[in-house]
Amino acid sequence: MVSITNRATSKLIQYLAAPSGLNTNIAALAQVENVTLSPLPSQHIFTENVSSDIAEKSGEAKYAAIYVYCDKVVNSLTEKFRHFSGHLQMEIDVRVSQDRLEGVDRISQLYAAAVTETLNQMRGDWGQGLFYPGTYEISFGPIKHGGRNFIKSAKISFQVDASIG
């Protein structure tokens, strides 16, 4: 079961880091909205489910950043004779930080919009028994103290259908 979650996380990062992936959508959105959004270097993409407090204490917090991970595995045996047939609950946690309170909420929403546009482009068969049907949900967390002074998180949750064996 662990290998299917690793495959899904790896595929997701591969799509996000692709030349036509997240940074292309960040640039397009910045141009349309007439704002400055920095591209997200690959060193700011993490494969961990770690709180912002712990990330900062460990010294690995960078902003803007995304954390990609599998939150839940459900083997619903939709295909009865498969070893695993169900879905993976995937999460992309987008974190932004700046020194002023003003605008941090909007920046968070814009990065989340760039992620969801990338997800829209990833709809369909991912190979290796993974399929993304295209639905997602965004939840915006409150602005907290941290990072450069203020930190805001947007969590994009979605399911990937999976079957192996």
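Novice: Would you mind going over the overall build of the protein chain in detail, with residue names and values included?
Specialist: Along its length, the protein chain carries 4 helices and 8 strands. Walking the protein chain from its N terminus toward its C terminus, one meets helices and strands in the order α-α-β-α-β-β-α-β-β-β-β-β. Taking the principal axes of the C-alpha coordinates as reference, the protein chain spans close to 55 × 35 × 25 Å. Burial status across the protein chain gives 44% buried among its 165 residues. By sequence separation, contacts in the protein chain at least 24 residues apart represent 63% of the contacts at least 6 residues apart. Split by element, the accessible area of the protein chain, about 8600 Å² in all, is 50% carbon and sulfur. The positive charge centre, built from 15 side chains, and the negative charge centre, built from 16, are 3 Å apart in the protein chain.

Novice: Can you explain helix H2 (residues 22-33)? Please cite residues and give values.
Specialist: The end-to-end C-alpha separation of H2 is 16 Å, in line with the 16 Å expected for 12 residues at 1.5 Å each. Here H2 has its buried residues at Leu22, Asn25, Ile26, Leu29 and Ala30. Down the axis, H2 shows its buried residues gathered within 135° of arc, on one side only. H2 presents Gln31 and Val32 as exposed residues on the side facing more than 90 degrees away from its buried surface. Looking one or two places after H2, you find Asn34, whose phi comes out positive at around 55°.

Novice: I'd like a rundown of a nonpolar patch on the surface, residues and numbers included.
Specialist: Residues Tyr136, Ile138 and Phe140 make up a contiguous nonpolar surface patch of roughly 250 Å² in combined accessible area. Looking at Ile138, the relative accessible area reads 32%, which means it is partly exposed.

Novice: Can you explain the nonpolar core? Please cite residues and give values.
Specialist: Counting 38 residues, the largest nonpolar core has Leu12, Ile66, Ile92, Leu119 and Phe158 as the members making the most contacts within it. The set of elements that each furnish at least two residues to this core consists of helix H1 (2-17), H2, strand S2 (65-74), strand S3 (84-98), helix H4 (104-121), strand S5 (130-132) and strand S8 (149-164). Counting 5 residues, the second largest nonpolar core, distinct from the first, contains Phe46, Val50, Ala65 and Tyr67.

Novice: Give me the lowdown on the environment of Asn120, citing residues and values where you can.
Specialist: Structurally, Asn120 is set in helix H4. Relative accessible area serves as the criterion here: at 26%, Asn120 is assigned to the partly exposed category. Along the sequence, Asn120 and Gly134 sit 14 residues apart, while their C-alpha atoms lie 6.3 Å from each other. At a separation of 3.1 Å, a polar atom in the side chain of Asn120 contacts the side chain of Arg123.

Novice: Talk me through H4; I want residue IDs and the actual numbers.
Specialist: Counted at 1.5 Å a residue, the expected span for H4 with its 18 residues is 26 Å, and the 26 Å between its end C-alpha atoms agrees. Within the span of H4, buried status applies to Val104, Ile107, Ser108, Leu110, Tyr111, Ala112, Ala114, Val115, Thr116, Thr118 and Leu119.

Novice: Tell me about the pattern of salt bridges, and please be specific about residues and values.
Specialist: Considering all chains together, one arrives at 5 salt bridges under this definition. The partner of Asp99 in a salt bridge is Arg100, and the shortest N-O contact between them spans 3.8 Å. Note that Lys152 is salt-bridged to Asp105, the shortest N-O span being 2.9 Å. Of this pair, Lys152 sits in strand S8 while Asp105 sits in helix H4; the two residues are 47 residues apart in sequence, bridging distant segments of the chain.

Analysis parameters
- Residues numbered from 1 in each chain as written.
- Predicted model: local features only at pLDDT ≥ 70, side-chain atom pairs only at ≥ 80, totals over all residues.
- Heavy atoms only, no water.
- Helix = DSSP H or I, 4+ residues; strand = E, 2+ residues; numbered from the N terminus.
- Buried < 20%, exposed > 50% of the residue type's maximum accessible area, 1.4 Å probe, protein only.
- Contact = heavy atoms within 4.5 Å.
- Areas by Shrake-Rupley, 256 points an atom, 1.4 Å probe, with all protein chains shown as cover.
- Lys, Arg positive; Asp, Glu negative; His and termini not counted.
- Charge placed at Lys NZ, Arg CZ, Asp CG, Glu CD.
- Expected span 1.5 Å × (residues − 1).
- Arc of directions from axis to C-beta.
- Patch = residues over 30% accessible without salt bridge, like charges linked within 9 Å, V, L, I, M, F, W, Y side chains within 5 Å.
- Salt bridge = Lys/Arg side-chain N within 4 Å of Asp/Glu carboxyl O.
- Core = buried A, V, L, I, M, F, W, Y, C linked by side-chain atoms within 4.5 Å.
- Polar contact = N/O pair within 3.5 Å; in protein donor to acceptor, adjacent residues only side chain to side chain.

Interpretation note: all reported values are geometric properties and have no functional meaning in isolation.
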